[in-house]
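Given next are the chains, with one letter for each unit.
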Amino acid sequence: MQKLIPVLLLCLLAGCIASDETCTVDQPHISLVFSYDYHTGTGDRFAEQVHSVDIFIYDGQGRPVGDHTVPVSAMEGGNTVRFQLDPGSYTFVAWANFDGNHFIYNHGNTLEESSLSVNAAADGSVEIHSATLFHGTAKADFDGKDVTVPVPLIKNTNLVDIYIVGKEAPGLRSDAQTGLSVRITGSNGRYDFGNRPLACEPLKYTPAYERINEEVLCARMTVLRMFTGDDLRLTISDPANPYKPTVYSGNLTEIIFSKIGAITTDKDLDRHDTYQLTFLLERYLDGTWALAGIYSGDWTNIDTEEGV
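Let me begin by describing the structure that accompanies this report.

1. Some remarks on the overall build of the protein chain
Phase 1: Within the protein chain, the regular secondary structure consists of three helices and 22 strands.
Phase 2: A total of 308 residues make up the protein chain; the buried ones form 50% of that total.
Phase 3: In the protein chain, once contacts between residues fewer than 6 apart in sequence are set aside, the share between residues at least 24 apart is 64%.
Phase 4: Of the roughly 14400 Å² of accessible surface on the protein chain, a fraction of 49% belongs to carbon and sulfur atoms.

Below, the structure is given as C-alpha cells:
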C-alpha cells in the first residue's frame, strides 16, 4: 500500500499509531472505534466480516497526513486504533477488506482528488465473486486531549443471485445446457473518499454459474453500490439465437424496488447486501425463450406448475 508521507512510522502498541518513535499508550490519543451494524441482522458484525482496514488521514485543509493498513487482529479490543498526532483537525477515511486484485486506489494531492475504483479489464468486464468492501469516514478535532471517534462502516458490495428457471414447451426435449447467459452492466465502479459515486466507464459484471438441476441455473455476481436512478442493467441472453438474442433486459435497482417490499430507499439498498431474484422463462417450440415472471427469493419459492 502506498505511503503518502513516508516519515510516518507505524507503531502498533495495543493498537496505537504515532508520527514518531515515541508512541506510548499513556499519551493523549485519537481513538477510532470501528463498527458495522448497518445491515439487516442484529448486533455489530465488524469482527465477523472485516479482517483489515486501510486508514487514510487528512488535515483540516484536506492534505494527506499519512495512511496505514491495520489488521483487525492488531486492533485494541478488536475494533479500536489509537493515533498520536499533532493538535489539529483531521478527516479519517477507512476502506476495509481492500483487495488489490479487485480494487484500485487513485491517490490525489488532496482528499477531494482521491478515489477508489474497480480493477476492471480493458473491456470493462469484472469478476468479483467473493470479495467484500466496506467504507467509513469521520472527522475529529484534536486539542491534545483524548478523543474517541466512532467510525461506522457501510458495505459497498452486494451479492446478487439470479435464478433462471426454464419451462420447456410440451414435446420439446429438456436441455440442461440451454446456453443462456446473464450479465449486469452499469457505471457504479468508482467512488470518492466520501463514498459518493463518480463518473466512470460502464462495468460488465461476469457471473459464476451453478447448475442447480436441469431446469434451474444460478448466476452469482458481486456488484458495487446501487442507487435510485442508477444505470445498472440486468440482461438475460440466448447467444445461440441470432434473431432474438435478448430474452430479458431491465434496470436491476428498479426490479429490486418493485419485487422486494422491504427495500424502498437508497438507505435500504445500503443496509441489504444479498439479493435473490428468480426469473421464470418459457421455451417455445421454435426454441426461443420468453419471460413468464419475476419473483423475489430463490427458485424454491415459486411454483413453476402454476406459471404466472
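Don't stop here, the text continues.
2. A word on the pattern of salt bridges
Phase 1: Scanning the model with the defined rule gives seven salt bridges in all.
Phase 2: Here Arg63 and Asp59 are joined by a salt bridge, their closest N and O atoms 2.8 Å apart.
Phase 3: Where Asp273 meets Lys155, a salt bridge forms, and the shortest distance between an N and an O atom there is 2.8 Å. Of the two residues, Asp273 sits in the loop between helix H3 (266-271) and strand S21 (274-283) while Lys155 sits in strand S12 (residues 154-155), which places them 118 residues apart along the sequence.
Phase 4: Under the relative-accessibility criterion, Lys155 is labelled buried at 9%.

3. What about the sheet that holds strand S9 (residues 125-126)?
Phase 1: If you walk across this open sheet you meet the five strands as S9-S16-S14-S19-S20, and the pairing is mixed. The open sheet has two edge strands, S9 and strand S20 (246-251), and neither has a second partner.
Phase 2: The sheet contact formed by strand S14 (residues 181-186) and strand S19 (residues 233-237) spans five bridges and is antiparallel. Opposite Ser181, over in S19, you have Ser237 as the bridge partner.
Phase 3: Together, S14, S19 and S20 form the strand contacts of helix H2 (residues 252-259), whose direction differs from that of S20 by roughly 75°.

4. A few points about the packing of aromatic side chains
Phase 1: Throughout the structure, instances matching the rule amount to 12 aromatic pairs.
Phase 2: An angle of 80° between the planes, with centres 6.4 Å apart, marks the rings of Tyr58 and Phe193 as edge-to-face. Taken together, the residues Tyr58 in strand S3 (residues 52-59) and Phe193 in the loop between strand S15 (190-192) and strand S16 (203-205) connect sequence positions 135 residues apart. Residues Tyr58 and Phe193 agree in their burial class; the two are buried.
Phase 3: Here a set of aromatic residues connected by ring pairs shows up, and it is made of Phe56, Tyr58, Trp95, Phe98, Phe103, Tyr105 and Phe193.

5. Side note on unusual backbone geometry
Phase 1: Despite not being glycine, Asn97 has its phi angle at roughly 65°, a positive value.
Phase 2: Counting through the fold element by element, Asn97 comes out in the loop between strand S6 (88-96) and strand S7 (103-106).
Phase 3: On the basis of relative accessible area, Asn97 is assigned to the buried category, the value being 5%.
Phase 4: One non-glycine residue with positive phi stands out, namely Asn195, at about 70°.

6. Brief notes about the sheet that holds strand S8 (residues 115-118)
Phase 1: An order of S7-S8-S15 is seen for the three strands of this open sheet, with the pairing classed as antiparallel. Two strands bound the open sheet, and with one partner strand each, they are S7 and S15. When strand polarity is set aside, the average angle formed by the axes of neighbouring strands in this sheet is 20°.
Phase 2: Taken together, the three bridges between S8 and S15 define a ladder with antiparallel strand orientation.

7. Concerning the environment of His107
Phase 1: Here His107 lies in the loop between S7 and S8.
Phase 2: Accessibility expressed as a relative area gives 25% for His107, which makes it partly exposed.
Phase 3: Sequence separation between His107 and Pro64 is 43 residues, and the spatial gap between their C-alpha atoms is 9.7 Å.

8. Focus on the environment of Ser115
Phase 1: With respect to the helices, strands and loops of the structure, Ser115 is situated in strand S8.
Phase 2: Residues within four places of Ser115 in sequence aside, it is in contact with Ile104, Tyr105, Asn106, Arg190, Tyr191, Asp192, Phe193 and Leu198.
Phase 3: Within polar-contact distance, the side chain of Ser115 engages the side chain of Arg190 at 3.4 Å.

9. Comments concerning the nonpolar core
Phase 1: If you look at the biggest cluster of nonpolar residues, it comprises 47 residues, and the most contacted ones within it are Trp95, Ile162, Ile164, Ile184, Tyr205, Ile256 and Phe279.
Phase 2: With near-sequence residues (within four places) excluded, Ile256 lies in contact with Met226, Ile263, Leu269, Tyr275 and Leu277.
Phase 3: Membership of the second largest hydrophobic core comes to 27 residues, among which are Ile55, Ile57, Val70 and Val72.

Procedures and definitions
Residues numbered from 1 in each chain as written. Predicted model: local features only at pLDDT ≥ 70, side-chain atom pairs only at ≥ 80, totals over all residues. Heavy atoms only, no water. Helix = DSSP H or I, 4+ residues; strand = E, 2+ residues; numbered from the N terminus. Buried < 20%, exposed > 50% of the residue type's maximum accessible area, 1.4 Å probe, protein only. Contact = heavy atoms within 4.5 Å. Areas by Shrake-Rupley, 256 points an atom, 1.4 Å probe, with all protein chains shown as cover. Salt bridge = Lys/Arg side-chain N within 4 Å of Asp/Glu carboxyl O. Pairing = 2+ DSSP bridges. Axes fitted to C-alpha atoms, helices over the stretch in contact; angles between N-to-C directions. Phe/Tyr/Trp six-rings, centres within 6.5 Å; stacked < 30°, edge-to-face > 60°. Polar contact = N/O pair within 3.5 Å; in protein donor to acceptor, adjacent residues only side chain to side chain. Core = buried A, V, L, I, M, F, W, Y, C linked by side-chain atoms within 4.5 Å.

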